[in-house]
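Below are the chains, spelled out letter by letter.
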Amino acid sequence: MSEIEHNMRDRELWQSQNFLRRPEFVANLIGRTTITNSDLVVEIGPGKGIITQQLAKKAGRIVAVEADQRLAINLQASFQGVPNIQIVEADFLRWELPREPYKVFSNIPFNMTADIVRKLTEDRNPPQLSYLIMQDKAAFRFMGKPKGSQTSILLKPWFEVKIVANIDRREFTPVPKINAVLVEFGKLEKPLVEPQSRQWFRDFVVYGYSQWQPTILDAFREVFSWKQRSFLEKEPRIRGRKPSELTIEEWLKLFETFTTYVPADKKEVVRGAEEKLERQQQNLRKWHRTR
């Protein structure tokens, strides 16, 4: 890679990621987590290692995954001889997550938040706990506040999401124009949806959100029979409500009706809804890149 290409990549990196600057503040944030010396912790994009250094004092083992070759080489030199730190040069989104129990602590690039959260929460072995620094608006979307979102409903059967700490903008360099928070994604010990029904639930939710109908029962007009809709309309928390106005409990009530009473041919209406949405989003991203 030429020096010009390196400089361009460095500028892109700094534009997309804001780095914490004070070790004592990082230590304070880690102190608010459940990380102990018995944990394997994955760090995404360690940069110059300010978080890595503090994690080494708390965690049993740290695997820090850095995509930039020069940063990875510098990190390997900096932490040479530190037995509980492993530096891996890799694109995190393509890197295989551990097969043993682990946790995550990272200050992630804000523009990669959705992709990173998706990888962590949809893997066959998701982390027990993930602590991610992100924009507050992204955190609210994952939490489903102030109102529900497709993103939050797709998470809630398997994860509890909460804000651990608000972060002053001045703790970053460069100082961002947005507010940042430390968010905890905790894997539920007992999922609200059985593993064999996971994809059905995800397709069901995506279908409901993607119909753009005035109410949730209008969205499922092609799925639920007239009799089933009449029964569901007796539920005051469902009748006349938009998809974004439903709680996870209400979505689960709808899904139970779907799985129990809807015949197989009608179930096929929602099958593949998530995959279809993903294809549409990929095409949109390609269109934006080629404009």
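Residues numbered from 1 in each chain as written. Predicted model: local features only at pLDDT ≥ 70, side-chain atom pairs only at ≥ 80, totals over all residues. Heavy atoms only, no water.

Asker: Looking at this structure, how should I read the nonpolar core?
Answerer: Counting residues in hydrophobic clusters, the biggest one holds 56 residues, and the most contacted among them are F92, W95, M134, F185, F220, W251 and L254. With 6 residues, the single largest contributor to this core is helix α8 (residues 198-210). In this structure, F220 is in contact with F204, Y207, G208, W251 and V270, ignoring residues within four places of it in sequence. Counting 28 residues, the second-largest nonpolar core is a separate cluster that includes I35, I62, A72 and I167. (Core = buried A, V, L, I, M, F, W, Y, C linked by side-chain atoms within 4.5 Å. Buried < 20%, exposed > 50% of the residue type's maximum accessible area, 1.4 Å probe, protein only. Helix = DSSP H or I, 4+ residues; strand = E, 2+ residues; numbered from the N terminus. Contact = heavy atoms within 4.5 Å.)

Asker: What exactly am I supposed to notice about the pattern of salt bridges here?
Answerer: Per the counting criterion, the structure on display carries 18 salt bridges. Across the salt bridge formed by R22 and E171, the nearest N and O atoms sit 2.7 Å from each other. Here R22, found in the loop between β1 (19-20) and α2 (23-31), pairs with E171, found in the loop between β7 (159-167) and β8 (172-173); they are 149 residues apart in sequence, far enough to count as distant. The class for R22 is partly exposed, based on a relative accessible area of 27%. Across the pair D218 and R221 runs a salt bridge whose closest N-O atoms are separated by 2.6 Å. For R221, a relative accessible area of 43% gives the class partly exposed. (Salt bridge = Lys/Arg side-chain N within 4 Å of Asp/Glu carboxyl O.)

Asker: Teacher, can you tell me more about the sheet that holds strand β5 (residues 103-107) here?
Answerer: In a beta sheet, neighbouring strands pair by backbone hydrogen bonds and run either parallel or antiparallel. Strand order in this open sheet of 7 strands is β4-β3-β2-β5-β6-β9-β7, and the pairing throughout is mixed. Because the sheet does not close on itself, it has two edges, and the strands there are β4 (85-89) and β7. In this sheet, adjacent strand axes meet at a mean angle of 20 degrees when their direction is disregarded. Summarising the sheet, strand β6 (residues 129-135) and strand β9 (residues 180-187) pair through 7 bridges and their orientation is antiparallel. Within β9, the residue paired with L132 across the bridge is V183. Against the sheet, helix α4 (residues 69-78) contacts β3 (61-66) and β4, and its axis sits at roughly 160 degrees relative to β4. Along the sheet, helix α6 (residues 136-143) makes contact with β6, β7 and β9, crossing β6 at roughly 130 degrees. (Pairing = 2+ DSSP bridges. Axes fitted to C-alpha atoms, helices over the stretch in contact; angles between N-to-C directions.)

Asker: Mind showing me how you'd approach the pairing of β6 here?
Answerer: Counting buried residues along β6, 6 of its 7 residues qualify, which places the element largely inside the surrounding structure. In the sheet, β5 pairs with β6 via 5 bridges, with the strands oriented parallel. Counted as the bridge partner of F105 is Y131 from β6. Considered for its hand, the β-α-β crossover made up of β5, helix α5 (residues 113-122) and β6 is right-handed. (Right-handed = clockwise from strand over helix to strand, strands pointing away.)

Asker: Help me out: how do you make sense of α6 in this one?
Answerer: What α6 keeps buried is the set D136, A138, A139, F142 and M143. Summarising the axial view, the buried residues of α6 lie within an arc of 155 degrees, below the 170-degree limit, and thus occupy one face. Looking at the buried positions of α6, the neighbouring elements they touch are α5, β6, α7 (150-155), β7 and β9. A positive backbone phi angle near 80 degrees is found at G144, which sits one or two residues after α6. (Arc of directions from axis to C-beta.)

Asker: What exactly am I supposed to notice about the packing of aromatic side chains here?
Answerer: To describe a pair of aromatic rings, you give the distance between the ring centres and the angle between the ring planes. Counted under the stated rule, the structure contains 17 aromatic pairs. Plain terms: the ring middles of F220 and W251 are 6.5 Å apart, the flat faces sit at 75 degrees to each other, and that makes the pair edge-to-face. Within this pair, whereas F220 is found in the loop between α9 (216-219) and α10 (226-232), its partner W251 is found in helix α11 (residues 248-261), the two being separated by 31 residues in sequence. Here the two residues F220 and W251 agree in accessibility, since each one is buried. Three or more aromatic residues joined by ring pairs make a cluster, and in this case those are W158, W200, F201, F204, Y207, Y209, F220, F224, W251, F255 and F258. Here the guanidinium or amino end of R198 rests over the ring plane of W158, the centre of that ring lying 4.4 Å away. Looking at K267, its charged tip hangs above the ring of F258, at a distance of 5.6 Å from the centre. (Phe/Tyr/Trp six-rings, centres within 6.5 Å; stacked < 30°, edge-to-face > 60°. Lys NZ or Arg CZ within 6 Å of the ring centre and 35° of its normal.)

Asker: Mind showing me how you'd approach the packing of α8 against α11 here?
Answerer: Axes are the key here: two packed helices are described by the angle between their axes and the distance separating the axes. Between α8 and α11, the least distance of the axes is 11 Å, while the angle of their chain directions is 110 degrees. Judged on the interaxial angle alone, α11 and α8 are roughly perpendicular. Within the contact between the two elements, α8 uses W200, F201, F204, V205, G208 and Y209 and α11 uses I248, W251, L252, L254, F255 and F258. Along the lines of polarity and charge, the residues of the contact of α8 with α11 split into 11 nonpolar, 1 polar and no charged. (Parallel < 35°, antiparallel > 145°, perpendicular 65-115°, else oblique. Nonpolar A, V, L, I, M, F, W, Y, C, P; charged D, E, K, R; others polar.)

Asker: Explain unusual backbone geometry here, please?
Answerer: Among all residues except glycine, the phi angle is most often negative; among peptide bonds, the trans geometry is most common. Cis geometry is found at the peptide bond from K145 to P146, where omega equals 0 degrees. Examined against the element boundaries, P146 turns out to sit in the loop between α6 and α7. Of the consecutive residues T173 and P174, the connecting peptide bond is found in the cis state with omega at -10 degrees. In this fold, P174 is placed in the loop between β8 and β9.

The quantities given are spatial measurements derived from coordinates; they are silent on function.
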